[in-house]
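Reading the structure
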Amino acid sequence: MTDDNKPQLSEEDISLIKEAVANRKPIEFYCYTLTPDQKIRFQNILKMFLEECGQDHLVNCLSYCLLELLDNASKANAKRIFFQENKLDINNKEDYENGMKTFRKTITDDTHHYMAGLKEGYLQVYLRLSANDFITLKVLNNTKITNEEKLRIQQKIENTKNYNTLEDAFKDIDQTEGSGLGIVSIILILKRLGLDTSHLNFNTTDNETVATIKIPIDSFEEL
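Residues numbered from 1 in each chain as written. Predicted model: local features only at pLDDT ≥ 70, side-chain atom pairs only at ≥ 80, totals over all residues. Heavy atoms only, no water.

Here we look at the sheet that holds strand β4 (residues 200–204)
Judged by pairing direction, the sheet is antiparallel, and its five strands sit side by side in the order β1-β2-β3-β5-β4 without closing on themselves. On the outer flanks of this sheet lie β1 (27–31) and β4, each paired with one strand and no other. On average, each strand axis in the sheet is tilted by 15° relative to the strand beside it, whichever way the strands run. Bridging between β1 and strand β2 (residues 125–131) involves five bridges; their strand directions are antiparallel. The partner of tyrosine 30 across the bridge, within β2, is tyrosine 126. Sheet strands in contact with helix α3 (residues 59–85) are β2, β3 (134–141), β4 and β5 (209–216), and its direction is about 20° off that of β3. Strand contacts of helix α7 (residues 181–192): β4 and β5, with the helix running at about 135° to β4, the strand carrying the most contacts. (Pairing = 2+ DSSP bridges. Helix = DSSP H or I, 4+ residues; strand = E, 2+ residues; numbered from the N terminus. Axes fitted to C-alpha atoms, helices over the stretch in contact; angles between N-to-C directions. Contact = heavy atoms within 4.5 Å.)

Examining the side chain of threonine 136
Secondary-structure assignment places threonine 136 in strand β3. Of the residues examined, threonine 136 reaches a relative accessible area of 8% and is grouped as buried. Excluding anything up to four places from it in sequence, threonine 136 contacts Arg128, Leu129, Ser130, Thr212, Ile213 and Lys214. (Buried < 20%, exposed > 50% of the residue type's maximum accessible area, 1.4 Å probe, protein only.)

Written as structure tokens, this is what we have:
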């Protein structure tokens, strides 16, 4: 531990980051449970990666974006456990709406149960970084996004095109999935970098959901 109680990167982490940047290869890290220490580790990985790329002025804004995407991915995995245990079909709109009424409170009240369930179910969250003409940050979780979830994300992104501040977003908050201000905040950060919503993407396959932020290296000024 460092003096400020933040976990240091291992020698292996440091070596992998340096090698990935030097060879322009993607690098990937994962965890099952997104503990406070794991969040800090992922932030430190991102910080070192950006510094190695000579893009350390992006550390603060991308660290915020990273935490939002990590939380979303971890909650999405926990949601699968919750729906399965409550015998609800996550792909059924009625079951989905009924389940979401109690999901957030349930995982907050019984965090340890769901943390254990993530590991038992091999439900992981990944951080993948790469750099060439773009800094690319990907956060993945190994569950498939539902049509309902995808529609809600798309609606949030579409709505955010009309926002300039977080205050503009409050009137459109959808409490079904939480405040939704995480995605709004990410897009507002991209706007400050002179980038539009096309630089934030959510994609899914049968096995995973991927959130991607791509920033052209030479297209922004320091915040």
